[in-house]
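# Examining the three-dimensional arrangement
Letter by letter, the chains look like this.
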There are 2 protein chains.
Amino acid sequence: MHTTFKLKRLMTAFALMVTALMMISTSAAQEQPKPQQKRIVSERELPTPLAISDALSTIISSADVKEVAIRQAQVPQSEAEWNQTIEAADAQLIALTKQFIPVLQVDVEAHQIAGVTVRTITPPKLDPKFSNKVLLHLHPGGYVLNKGLASIGEAMLIATRIGAKVISVDYRMPPASPYPAAVTDVLSVYSALLKQHQSEAIALVGSSAGGGLALAATLKFKEEGLPLPGAIFAGSPWADLTKTGDSLYTLKGVDRLLYTYDGLLEASAKLYAGKHDIKTPFISPLYGDFSGFPPVQLVTGSRDLFLSDTARTHRKMKQANVLAELNVYEGLSHVEYLQAMNTPESMQIHKELGEFLLQHLQSSD
Amino acid sequence: MHTTFKLKRLMTAFALMVTALMMISTSAAQEQPKPQQKRIVSERELPTPLAISDALSTIISSADVKEVAIRQAQVPQSEAEWNQTIEAADAQLIALTKQFIPVLQVDVEAHQIAGVTVRTITPPKLDPKFSNKVLLHLHPGGYVLNKGLASIGEAMLIATRIGAKVISVDYRMPPASPYPAAVTDVLSVYSALLKQHQSEAIALVGSSAGGGLALAATLKFKEEGLPLPGAIFAGSPWADLTKTGDSLYTLKGVDRLLYTYDGLLEASAKLYAGKHDIKTPFISPLYGDFSGFPPVQLVTGSRDLFLSDTARTHRKMKQANVLAELNVYEGLSHVEYLQAMNTPESMQIHKELGEFLLQHLQSSD
């Protein structure tokens, strides 16, 4: 006991002093534990990140964050208000998507797989290396937005950039269809694909809610005893809907696209979970068991409110012996690579996504 | 030209709308570029991170950040003041290190390699898997602190935790010996080790300035035409001394151990660089060419002021086809794993360091 006590006392004293490893101090070490401190981080001006591309710098420096803050604070108070808000947002994105399709020269074919609406995006140039591989895309939108044609923005980008067909799932969402509808739909589509393809030839790809859903659905596949996909891309996955990640607090007001978790995001999480425990791994996959998962590519940014969701997912996967790679892009807010598309950062992310998929997916023969 | 213009216009419009992927908005999209916005991040209370170990939570919640802020603002104004400050800090750490050595039961042998003082740390239990491998440690301390016996804190931890001998280099530092003395000393020691060991059996390990120096020295080995080491561990490396990383601004006042780059850190960088360009890759390795580097393990935290230094190093290495892995620990401030030693987070970092070294180092036969 005496040795243990001495060890602990010395460890504490030493720990305090190792602070001096990076700090110069002539004051005496404090060996007494202190009461909980209230941490206040002062107001400060935030410069545009210095080590980013010119294209991204121009976008960030001219962005109006106040508008975003106002939007995020507007929480619909009834199902009717939710529907109104969602429909208005989706209508705008659908109108632009319709203009964008001919410009990108992608072919968009809506069809059903196992009763679920999906859209197969075919880009003008196909890389034959992807011909026997299946990319299943799950769209972002906080589990409430981007129904119908509004769901394919990221899928079109990926398809065009890597030269592969992408199947984007128009999964059901609240208010009409909260959890588990989204997971059930992905399970249905995946199960149907397994009849024609080896699981190792199928990748799940998605960002934000789509990234979280990719992880949650894979946990569901595992529970169902299905063979798991060959690779997963989760861009800044919404892996924890419980408002727990450190970056939700450290980067509040710094992320220019989400700005804050308070308000809309928190309300969307609750709307999606409905009567279910928000901590169930099929809603918040961070609380699941990732062992046996295929290789996972994770992407986030130094200003991403979901930096912690992404990094915690990576840590938990590594501890479960999953081949997970974490990529943190300088200056990027939440899924900014989907908004600031014409930037080297966005192109690099999709370039590495293509390489990652080719490295890990098997051909379906 | 018309098509290009149309594409650009649509891309811009689409980009603006894709914001709606995560945000609900009924307002019209703004298609006009706006002037540069002044970004102000408001004052806020910062809670203790929620998803960390109890041990780390206790430490963070009782830490006094105001004291750190005051310390970091005290910049020595002359060589005499620098020496005074350094000696006082080092004396405290040396006194504690002396108490700590018998508790950890490590053997510390100071000797010279190629005229440079090093210390070989031998832990009480040696893992035979490390017996033919050489771990060369470069200590933290902002290139000014931790001379002599104050240099071995991290080396003792690593040696004890992974069960390996560690050689820690007591490299020369300013004010007496600014750059390139530190790099020269590491080069001398490494060159001497190469006479007895295969390069693939040697690892460079270090945190903060030690992590940056590991990268800078490897760039120097490359320039000298030497075979490169078999693996590198760079914990939150000070890879860019030019005050450029985004996290220096986003996490200012959030990192409880460094608090801010202004003041001491910036002054230390200048003192170390002396008359040399602070952007030379042998001072700021982030500006070097990492191609040909061995596998690199990188560690940082969600509150680390050097998050961007670490993440940018990782990105640049990946683009140079280096097998680099980035690990972001929830809630950790800069090299907090060296200060909050008795935490699962600190132990996990060194556990994974040991696994990484065994995976990539060859035996020296």
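Residues numbered from 1 in each chain as written. Chains lettered and ligands numbered in written order. Predicted model: local features only at pLDDT ≥ 70, side-chain atom pairs only at ≥ 80, totals over all residues. Heavy atoms only, no water.

### Let's talk about the nonpolar core
Judged by nonpolar contacts, the single largest core of 126 residues is most densely connected at Phe-293 of chain A together with Phe-293 of chain B. If one sorts the elements of this core by residue count, helix H6 (residues 181-194) of chain B sits on top with nine residues. Not counting residues up to four positions away in its chain, the partners in contact with Phe-293 of chain A are Leu-215, Thr-218, Leu-219, Lys-222, Leu-228, Ile-232, Met-317 and Val-322 of chain A. (Core = buried A, V, L, I, M, F, W, Y, C linked by side-chain atoms within 4.5 Å. Buried < 20%, exposed > 50% of the residue type's maximum accessible area, 1.4 Å probe, protein only. Helix = DSSP H or I, 4+ residues; strand = E, 2+ residues; numbered from the N terminus. Contact = heavy atoms within 4.5 Å.)

### Quick notes on the sheet that holds strand S6 (residues 166-169) of chain A
Residues and elements named next belong to chain A. Strands sit in the order S3-S4-S6-S5-S7-S8-S9-S10 across an open sheet of eight strands; the sheet is mixed. At either margin of the open sheet sits one strand with a lone partner, and together these are strand S3 (107-113) and strand S10 (324-329). Strand-to-strand twist of the sheet, defined as the mean angle between neighbouring strand axes without regard to direction, takes the value 20°. Relative to strand S7 (residues 202-207), strand S5 (residues 134-138) runs parallel, the two being bridged by five bridges. When the bridges of S7 are listed, Leu-136 appears paired with Leu-204. (Pairing = 2+ DSSP bridges. Axes fitted to C-alpha atoms, helices over the stretch in contact; angles between N-to-C directions.)

### Considerations on the pairing of strand S7 (residues 202-207) of chain B
Residue and element names in this part refer to chain B. Burial of S7 is extensive: six of the six residues sit out of reach of the surface. Here S7 shows two buried faces, one formed by Ile-202, Leu-204 and Gly-206 and the other by Ala-203, Val-205 and Ser-207. One ladder, built from five bridges, connects S7 with strand S8 (residues 231-235); its direction is parallel. Each bridged residue has a counterpart across the sheet, and for Val-205 the counterpart in S8 is Phe-233. Crossover connection from S7 via helix H7 (residues 209-223) to parallel S8: handedness right-handed. (Right-handed = clockwise from strand over helix to strand, strands pointing away.)

### A word on the packing of aromatic side chains
Scanning all chains against the criterion turns up 16 aromatic pairs over all chains. Ring geometry for Tyr-143 of chain A versus Trp-238 of chain A: centroids 6.0 Å apart, planes at 25°, classification stacked. Here the residue Tyr-143 of chain A occupies a position in the loop between S5 and helix H5 (153-162), and Trp-238 of chain A occupies one in the loop between strand S8 (231-235) and helix H8 (247-250), the gap between them amounting to 95 residues. Taken as a pair, Tyr-143 of chain A and Trp-238 of chain A share a single burial class, namely buried. Taking 5.2 Å as the distance between ring centres and 70° as the angle between the ring planes, the aromatic pair formed by Phe-290 of chain B and Phe-293 of chain B counts as edge-to-face. Relative accessible area serves as the criterion here: at 6%, Phe-293 of chain B is assigned to the buried category. Ring pairs connect the aromatic residues Tyr-143, Tyr-179, Trp-238, Tyr-261, Tyr-272 and Phe-306 of chain A, which therefore count as one cluster. Geometry around Phe-282 of chain A places Lys-220 of chain A over its ring, the cationic atom sitting 4.1 Å from the centre. (Phe/Tyr/Trp six-rings, centres within 6.5 Å; stacked < 30°, edge-to-face > 60°. Lys NZ or Arg CZ within 6 Å of the ring centre and 35° of its normal.)

### Some details on the pairing of S10 of chain A
Residue and element names in this part refer to chain A. The buried count for S10 comes to five of six residues, which makes it a mostly enclosed element. Two elements, strand S9 (residues 296-301) and S10, share six bridges in a ladder whose sense is parallel. Paired with Val-299 across the bridge in S10 is Asn-327. Each parallel crossover has a hand, and the one from S9 via helix H10 (residues 307-319) to S10 is right-handed.

### Focus: the confidence of the model for chain A
Residues and elements named next belong to chain A. Here chain A shows a mean pLDDT of 92. Residues at 70 or above account for 90%. Under a pLDDT of 50 for its full length, residues 16-32 has, in the predicted model, 55 contacts with residues more than four places off or in other chains. With a pTM of 0.92, the predicted complex shows an ipTM of 0.92. (pLDDT = per-residue confidence, 0-100.)

### A closer look at the packing of H5 of chain A against helix H12 (residues 344-360) of chain A
Residue and element names in this part refer to chain A. Contact geometry for H5 and H12: axes closest at 10 Å, N-to-C directions at 70°. Between H5 and H12, the angle falls in the class roughly perpendicular. Of the two elements, H5 crosses H12, and the hand of that crossing is right-handed. When H5 is examined against H12, the residues Leu-157, Ile-158, Arg-161 and Ile-162 are found in contact with a partner set consisting of Ser-346, Met-347, His-350, Leu-353, Gly-354 and Leu-357. A breakdown of the residues in the contact of H5 with H12 according to their chemical character gives six nonpolar, three polar and one charged. (Parallel < 35°, antiparallel > 145°, perpendicular 65-115°, else oblique. Left-handed = near helix turned anticlockwise from the far one by under 90°. Nonpolar A, V, L, I, M, F, W, Y, C, P; charged D, E, K, R; others polar.)

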